[in-house]
Amino acid sequence: MSNRYILTSILVMAVVTYLIRVLPMAIFRKKIQNRFIQSFLSYVPYSVLAAMTFPAIFSATGTTLSACAGTVAAVGLAYFDQGLLKVAVGASAVVFLVQLLGL
Amino acid sequence: MESENFRQGLKHGLPICLGYFPVSFAYGMSVVLSGMPAWAAVLISLTNLTSAGQFAGSSLMLAGGGYLEIALTTVIINIRYFLMSLALSQKVDEKMTGVQRLLVSFGITDEIFAVSMQNERKLTASYLAGLILTPMIGWTGGTLAGGILTSFLPTIVTNALSIALYGMFIAVIIPPSRKKKSVLFTVLFAVLLSCCFHYFPVFSVLSGGWGIIVITLVVSAVAAVLFPIEVEEVHE
C-alpha cells in the first residue's frame, strides 16, 4: 500500500462519513416518517456485518480447521451475550489452542 | 455554566470511552496484522470515529479496493447516522450556532447518540463537546495501543487474533438474532447470499465490496417489507 493510496482512502472515508452526519444537522429539520425507510435502515447493520463475516471468517486464520473452531466459539459466546471483547478474545483463544495442537 | 455542561458531558462520555477502548484495541491489532501501518489505523480512528464503517473501509483498503468502492461501502454502512443526526437536530439547544452544529455532527456514533437522547434537557454545544471528546480519546488511544503492541507478538498469536474482528461482528449480530426473528432472518439471508456470491462463479463479477453492497440493499429491503418496525416518535 502506497502512502498516497492510504491517505486518499482515509480522506474518502472521513469525508463521506462526515457528510452523512452533518447534512441532516445542517439542512433537515423534520424527521423522516416513511416506515419502509426506517425499517430498511434498522436492518442495515445486521445484513452488512453478516455478509462481511461469512464466509470470509473461514479463511481468516491460516488454517480452515482453526478458523471453524474459532467461529463456533464466537457464535457460542455471542449467543450467551458475552459482549464484544469476550467474544473476540474467546474466539482468538480457541484458534490459538487449535493451532498449538498443530491442526 | 458552560464549563459545568462540558464537565457533565465528559463524565457521561466516560463509560462509552471505556467500552470503546478494547474494541478499537482489537481493531488496531487486526488491521496492523493484516498489513496496515499503525499510523494509518490511528488516523482512520481519529477521522472516522465509526466501528463497522471503518472496519469495512479498512478491509477494502487492505484488499486494494477502488475509491468508489470504499466510498459506497462507507455510505451504505454509515447511512444510519443520517437518521440519528436528523433526530439529534430536533433536540439541540436553539442557541447553538451554525458552526457549533457543524462541529458536534462529527461525533454522532451509535453510543453517543443513545446517551444524548437519554438526556432530558436540551443539548448544549458544551455538553456535546464533552460527550464526544472522552469516547474519541478512548477510540483513538485504543487503536494506537493495539497497533503498536502487535509488532511484539509471535505468528501463532497474530494468526489467532486475526479472527478477533470477525468475532466482534458476530458479537453484534448474534444476540439480537436470538431475541428478534426479523434480525435472525436478516442475518441468515445475508449469510446465504454472501456464501452464494463467494462459492458460485456466476456472481464473481461482484468483487468483495460490491457484493456486500448488493447484499445489504437486497436483504435490508426484503426484511423491511416482511418485518416493518414500529415507527418511533422523536423524543422531545
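Residue positions within a chain follow its written sequence, with the count starting from 1. Numbering of ligands from 1 and lettering of chains from A proceed in the order in which they are written. pLDDT decides what is reported in this predicted model: residues at 70 or higher carry local features, side-chain atom pairs at 80 or more are listed and counted, and totals for whole chains, interfaces and linings draw on all residues regardless. Think of the side-chain values as coming from all heavy atoms in the structure, minus any hydrogens and water.

Attention shifts here to the pattern of salt bridges. Any carboxyl oxygen of Asp or Glu that lies within 4 Å of a side-chain nitrogen of Lys or Arg is treated as forming a salt bridge with it. Applying the stated criterion across every chain, the model contains 3 salt bridges over all chains. The residue K179(B) makes a salt bridge to D81(A) at a minimum N-O spacing of 3.3 Å. With K179(B) in helix α10 (residues 164–179) and D81(A) in the loop between α3 (64–79) and α4 (83–100), this residue pair bridges two chains. Judged by its relative accessible area of 57%, K179(B) is exposed. Comment: elements are numbered from the N terminus, with helices defined as DSSP H or I runs of at least four residues and strands as E runs of at least two. Each residue is placed in one exposure class: buried if its accessible area under a 1.4 Å probe, protein chains only, is under 20% of its type's maximum, exposed if it is over 50%, and partly exposed if it falls in between.

Quick look at the layout of surface pockets now. Cavity: a set of points on a 1 Å grid over the protein atoms alone where a 1.4 Å probe fits but cannot get out. Pocket: an open set with protein on both sides within 12 Å along at least five of seven lines, its lining residues, like those of a cavity, having an atom within 4 Å of a point. Grid points are joined across faces, edges and corners, and a volume is the space filled by probe spheres set on the points. There is about 1,500 Å³ of room inside the largest pocket. What lines the largest pocket is a set of 50 residues, and nearest its centre among them are P45(A), Y46(A), R80(B), M84(B) and D110(B). Of all the secondary-structure elements, those providing two or more residues to the lining of the largest pocket are α2 (35–53) of chain A together with α1 (2–33), α3 (52–62), α5 (80–89), α7 (110–118), α10 and α11 (181–199) of chain B. When residues are sorted by character, Ala, Val, Leu, Ile, Met, Phe, Trp, Tyr, Cys and Pro go into the nonpolar class, Asp, Glu, Lys and Arg into the charged class, and all the rest, Gly among them, into the polar class. Class assignment of the residues belonging to the lining of the largest pocket gives a composition of 33 nonpolar, 9 polar and 8 charged.

Bringing the interface of chain A and chain B into the picture now. Listed by partner, the interface residues are 72 residues for chain A and 98 residues for chain B. Summed over both partners, the accessible area lost on bringing two parts together, with a 1.4 Å probe, is the buried area. Contact between chain A and chain B buries roughly 7,600 Å² in total, counting both sides, with carbon and sulfur atoms accounting for 76%. Ranking the residues of chain A by area buried against chain B places R21(A), M25(A) and Y43(A) at the top, with a combined share of 12%. If you look at where chain A meets chain B, you find 2 salt bridges. Contributing elements (two or more residues each) for the side of chain A that touches chain B: α1 (3–26), α2, α3 and α4 of chain A. No other element matches α1(A), which puts 21 residues into the side of chain A that touches chain B. Class assignment for the residues of the side of chain A that touches chain B results in 49 nonpolar, 16 polar and 7 charged. Contacts are assigned to residue pairs that have any heavy atoms within 4.5 Å of one another.

Residues and elements named next belong to chain A. An expected span of 1.5 Å times one less than the residue number is assigned to each helix. Between its first and last C-alpha atoms α2 spans 28 Å; for 19 residues at 1.5 Å apiece the expected length is 27 Å, and the two agree. Throughout, the bend at a residue refers to the angle made by two axes, fitted to the seven residues ending there and to the seven starting there. Along its length, α2 shows its largest kink, about 35°, at Y43, and proline P45 lies within four residues downstream of that point. Of all 19 residues that make up α2, 15 are buried, and the element is covered over most of its length. Here a polar contact is taken to be a pair of N or O atoms separated by no more than 3.5 Å, where protein atoms must pair a possible hydrogen donor with a possible acceptor and residues adjacent in sequence count only if both atoms sit in side chains. Here α2 starts with a cap whose side-chain oxygen sits 2.9 Å from the backbone nitrogen of F36, and that cap is N34.

So, about unusual backbone geometry. The peptide bond linking F54(A) to P55(A) adopts the cis configuration, its omega dihedral lying at 0°. Summarising the element assignment, P55(A) is placed in the loop between α2 and α3. Its identity as a non-glycine residue notwithstanding, D81(A) has a phi of 55°, on the positive side. D81(A) sits in the partly exposed class, given a relative accessible area of 43%. A positive phi angle, near 50°, is found at L49(B), a position not held by glycine.

Now for the side chain of S39(A). Relative to the helices and strands, S39(A) resides in helix α2. Judged by relative accessible area, S39(A) falls into the buried class, the value being 0%. With near-sequence residues (within four places) excluded, S39(A) lies in contact with A224(B), F227(B), P228(B) and I229(B).

Right, let's talk about the nonpolar core for a bit. Each nonpolar core is a collection of buried residues, namely Ala, Val, Leu, Ile, Met, Phe, Trp, Tyr and Cys, held together in the definition by side-chain atoms within 4.5 Å. One finds F55(B), M61(B) and L128(B) to be the most contacted residues of the largest nonpolar core, which totals 82 residues. The biggest single contributor to this core is α10(B), with 9 residues. With near-sequence residues (within four places) excluded, F55(B) lies in contact with V23(B), Y27(B), W139(B), L165(B), M168(B) and F169(B). Of all hydrophobic cores here, the second largest spans 6 residues; its members include F40(A), V44(A), L83(B) and L86(B).

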